[in-house]
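The chain contents come next:
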Amino acid sequence: MIDDIIDVLIGEVAKLVPDVVWGAVFLVTGLLTTMIGVTMVLGMTTLNGSPRLGAVLTAVGVLLVVGVLVAWYR
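Residues numbered from 1 in each chain as written. Predicted model: local features only at pLDDT ≥ 70, side-chain atom pairs only at ≥ 80, totals over all residues. Heavy atoms only, no water.

### Quick word on the overall build of the chain
- If you tally the helices and strands in the chain, you get 3 helices and 0 strands.
- Starting at the N terminus and ending at the C terminus, the chain contains elements arranged as α-α-α.
- By the compact-globule yardstick of 11 Å for 74 residues, the chain is too spread out, its C-alpha radius of gyration being 16 Å.
- Expressed as lengths along the three principal axes of its C-alpha atoms, the size of the chain is roughly 45 × 35 × 15 Å.
- In the chain, buried positions account for 16% of the 74 residues.
- For the chain, the exposed area adds up to about 5,800 Å²; of that, 74% sits on carbon and sulfur atoms. (Helix = DSSP H or I, 4+ residues; strand = E, 2+ residues; numbered from the N terminus. Rg over C-alpha atoms; globule rule 2.2 N^0.38 Å. Buried < 20%, exposed > 50% of the residue type's maximum accessible area, 1.4 Å probe, protein only. Areas by Shrake-Rupley, 256 points an atom, 1.4 Å probe, with all protein chains shown as cover.)

Given below as structure tokens:
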């Protein structure tokens, strides 16, 4: 029951927000994630994280950015 309510709420919010706004949000999130990941890999950050976590963040960020760019290209 609660699953259906949450599904309807999320579906309605997703319909209200234009695709361009979602793309911009994911693009900015991807760029920030990539930036944090690269600084962690290079050891130039004060965050306590391993280079392996930095590599994962970099990969996720690049996938977000590429996904948005491919969607906008189509």
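There is more to say after this.
### Topic: the packing of helix α2 (residues 19-42) against helix α3 (residues 51-73)
- Packing of α2 against α3 brings their axes to within 7 Å, and their N-to-C directions diverge by 155°. The angle between α2 and α3 places the two elements in the roughly antiparallel class. Crossing hand, α2 versus α3: left-handed.
- Class assignment of the residues belonging to the contact of α2 with α3 gives a composition of 18 nonpolar, 9 polar and no charged. (Axes fitted to C-alpha atoms, helices over the stretch in contact; angles between N-to-C directions. Parallel < 35°, antiparallel > 145°, perpendicular 65-115°, else oblique. Left-handed = near helix turned anticlockwise from the far one by under 90°. Nonpolar A, V, L, I, M, F, W, Y, C, P; charged D, E, K, R; others polar.)

### A word on a nonpolar patch on the surface
- A contiguous nonpolar surface patch, about 440 Å² in accessible area, is contributed by Val 28, Leu 32, Met 35, Ile 36 and Leu 47.
- Among the structural elements, Ile 36 can be located in helix α2. (Patch = residues over 30% accessible without salt bridge, like charges linked within 9 Å, V, L, I, M, F, W, Y side chains within 5 Å. Salt bridge = Lys/Arg side-chain N within 4 Å of Asp/Glu carboxyl O.)

### Some thoughts on the packing of aromatic side chains
- Applying the stated rule across the entire model yields 1 aromatic pair.
- On the basis of an interplanar angle of 25° and a centroid distance of 6.4 Å, the ring pair of Trp 22 and Phe 26 is categorised as stacked. Residue Trp 22 and its partner Phe 26 are both found in helix α2; the two are separated by 4 residues, about one turn of the helix. (Phe/Tyr/Trp six-rings, centres within 6.5 Å; stacked < 30°, edge-to-face > 60°.)

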